[in-house]
Amino acid sequence: SQTIHQWPATLVQPVGSPLSLECTVEGTSNPNLYWYRQAAGRGLQLLFYSVGIGQISSEVPQNLSASRPQDRQFILSSKKLLLSDSGFYLCAWIQLAAAAYNEQFFGPGTRLTVL
Amino acid sequence: EDQVTQSPEALRLQEGESSSLNCSYTVSGLRGLFWYRQDPGKGPEFLFTLYSAGEEKEKERLKATLTKKESFLHITAPKPEDSATYLCAVRAGGSNYKLTFGKGTLLTVNP
């Protein structure tokens, strides 16, 4: 069966520090991968998605970036964090070849607090 | 631009008191409407996908329905463990399977 991991689970970082969040999917190959942010009182905001290794599409201009160095690994990064980067970061995947309905499955999330 | 509006923002029910959550949407070429359940501090858990008006899906005490403009999540005789935030999302054609989410409905079921 497929599983999705995210780490760390929680993170407290000072303003201006760098960031690296990791997402790994197991039990599937060539998934579409997605990064979302969920801020208090707001819906899930799509940040980046990837349809393959090295292929990244950005949805929202910001100081964040994403990379996909391996088929089942998706990384969210920042060189300098802002207070507004605080939130709950979620990784999601779709296995296009197998799923008839193509629903997205979510990881457990990373709670980021920028102080 | 695709839009999803969920109502109410919050709903309190007594155990056994049935009700419905609403999800109104505007999308260019609907390719799926998705319902998720999210517990505090956790990632959303997939519940249903609906594709065409008139379609219905059921799971335990939950039933999701779809019209051309909105979807309803009916909760029959809810229990305290049904307390969660329920999220609705839509996928448009040619979107690379991206989803547009509503802000969710926070459901609290009191014993």
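By convention here, each chain's residues receive numbers from 1 onward along its written sequence. Chains and ligands are labelled sequentially in the order written, the chains with letters from A and the ligands with numbers from 1. The model is predicted, so local features are restricted to residues of pLDDT at least 70 and side-chain atom pairs to those at 80 or more, both for listing and for counting; the totals for chains, interfaces and linings are taken over all residues. Side-chain metrics in this entry use all non-hydrogen atoms of the structure; hydrogen atoms and water are not considered.

For the rest of this paragraph, the subject is the overall build of chain B. The helix and strand tally for chain B stands at 0 helices and 11 strands. Helices (α) and strands (β) of chain B occur, in sequence order from the N terminus, as β-β-β-β-β-β-β-β-β-β-β. We compute the radius of gyration from the C-alpha atoms alone; for a globule the expected value is 2.2 Å times N to the 0.38, where N is the number of residues. The C-alpha radius of gyration computed for chain B amounts to 13 Å, which stays within 12% of the reference 13 Å derived for 111 residues, consistent with globular compactness. C-alpha extents for chain B along the principal axes are approximately 45 × 30 × 20 Å. Partitioning the contacts of chain B with sequence separation of at least 6, the portion at a separation of at least 24 is 55%. Under the DSSP-based scheme used, a helix requires at least four consecutive residues in state H or I and a strand at least two consecutive residues in state E, with every element numbered from the N terminus. Every residue pair with non-hydrogen atoms within 4.5 Å of one another is taken to be in contact.

It is worth spelling out the pairing of strand S1 (residues 3-7) of chain A at this point. Residues and elements named next belong to chain A. Only one face of S1 is buried: it carries Ile4 and Gln6, and the other face, with Thr3, His5 and Trp7, is open. Both S1 and strand S3 (residues 19-26) contribute to a ladder of 5 bridges, which runs antiparallel. Across the sheet, residue His5 finds its bridge partner in S3, namely Thr24. For every residue, the accessible area obtained with a 1.4 Å probe (protein chains only) is divided by the maximum for its type, and the residue is called buried under 20%, exposed over 50%, and partly exposed between those limits. Following DSSP output, two strands are said to pair if at least two bridges run between them.

A few words now on the state of the cysteines. Residues and elements named next belong to chain B. Here, two cysteine sulfur atoms that lie within 2.5 Å of each other are counted as a disulfide. According to the stated counting rule, one finds 2 disulfides over all chains in the structure shown. One disulfide bridge connects Cys23 with Cys88, the sulfur atoms lying 1.9 Å from each other. Measuring the twist about the S-S bond at about -65°, one finds the Cys23-Cys88 disulfide to be left-handed. Residue Cys23 is found in strand S3 (residues 19-26), and its partner Cys88 is found in strand S9 (residues 84-92); the two are separated by 65 residues along the sequence.

Residue-level contacts link 25 residues of chain A with 19 residues of chain B. Each reported salt bridge corresponds to a side-chain nitrogen of Lys or Arg within 4 Å of a carboxyl oxygen of Asp or Glu. Between the two partners, chain A and chain B, sit 1 salt bridge. Residue Glu59(A) pairs with Lys98(B) through a salt bridge whose shortest N-O separation is 3.2 Å. Between N or O atoms, a polar contact is any pair within 3.5 Å; within protein, one atom must be a potential hydrogen donor and the other a potential acceptor, and residues adjacent in sequence are included only when both atoms are from side chains. At the boundary of chain A with chain B, the tally comes to 5 residue pairs in polar contact (both at pLDDT 80 or more).

Let us look at the nonpolar core. Of all hydrophobic cores here, the largest spans 22 residues; its most connected members are Leu33(B), Trp35(B), Leu73(B) and Tyr86(B). Looking at this core, the elements that each hand over two or more residues are strand S2 (10-14), S3, strand S4 (30-38), strand S5 (45-50), strand S7 (62-66), strand S8 (70-75), S9 and strand S11 (105-110) of chain B. Listed in part, the 19 residues of the second largest apolar core include Ile4(A), Cys23(A), Tyr89(A) and Trp93(A). We call a set of buried residues a nonpolar core when its members are Ala, Val, Leu, Ile, Met, Phe, Trp, Tyr or Cys and they connect through side-chain atoms within 4.5 Å of each other.

This paragraph deals with the sheet that holds strand S8 (residues 73-78) of chain A. Residues and elements named next belong to chain A. Overall, antiparallel pairing links the 4 strands, which are arranged S1-S3-S8-S7 in an open sheet. The sheet is open, and its two borders are formed by S1 and strand S7 (64-70), each paired with just one other strand. Sheet twist, expressed as the mean angle between neighbouring strand axes with direction ignored, is 20°. Taken together, the 5 bridges between S7 and S8 define a ladder with antiparallel strand orientation. Within S8, the position partnered with Gln70 by the bridge is Gln73. Throughout, an axis means a line fitted to C-alpha atoms (over the contacting stretch in the case of helices), and angles, computed between N-to-C directions, take values from 0 to 180 degrees.

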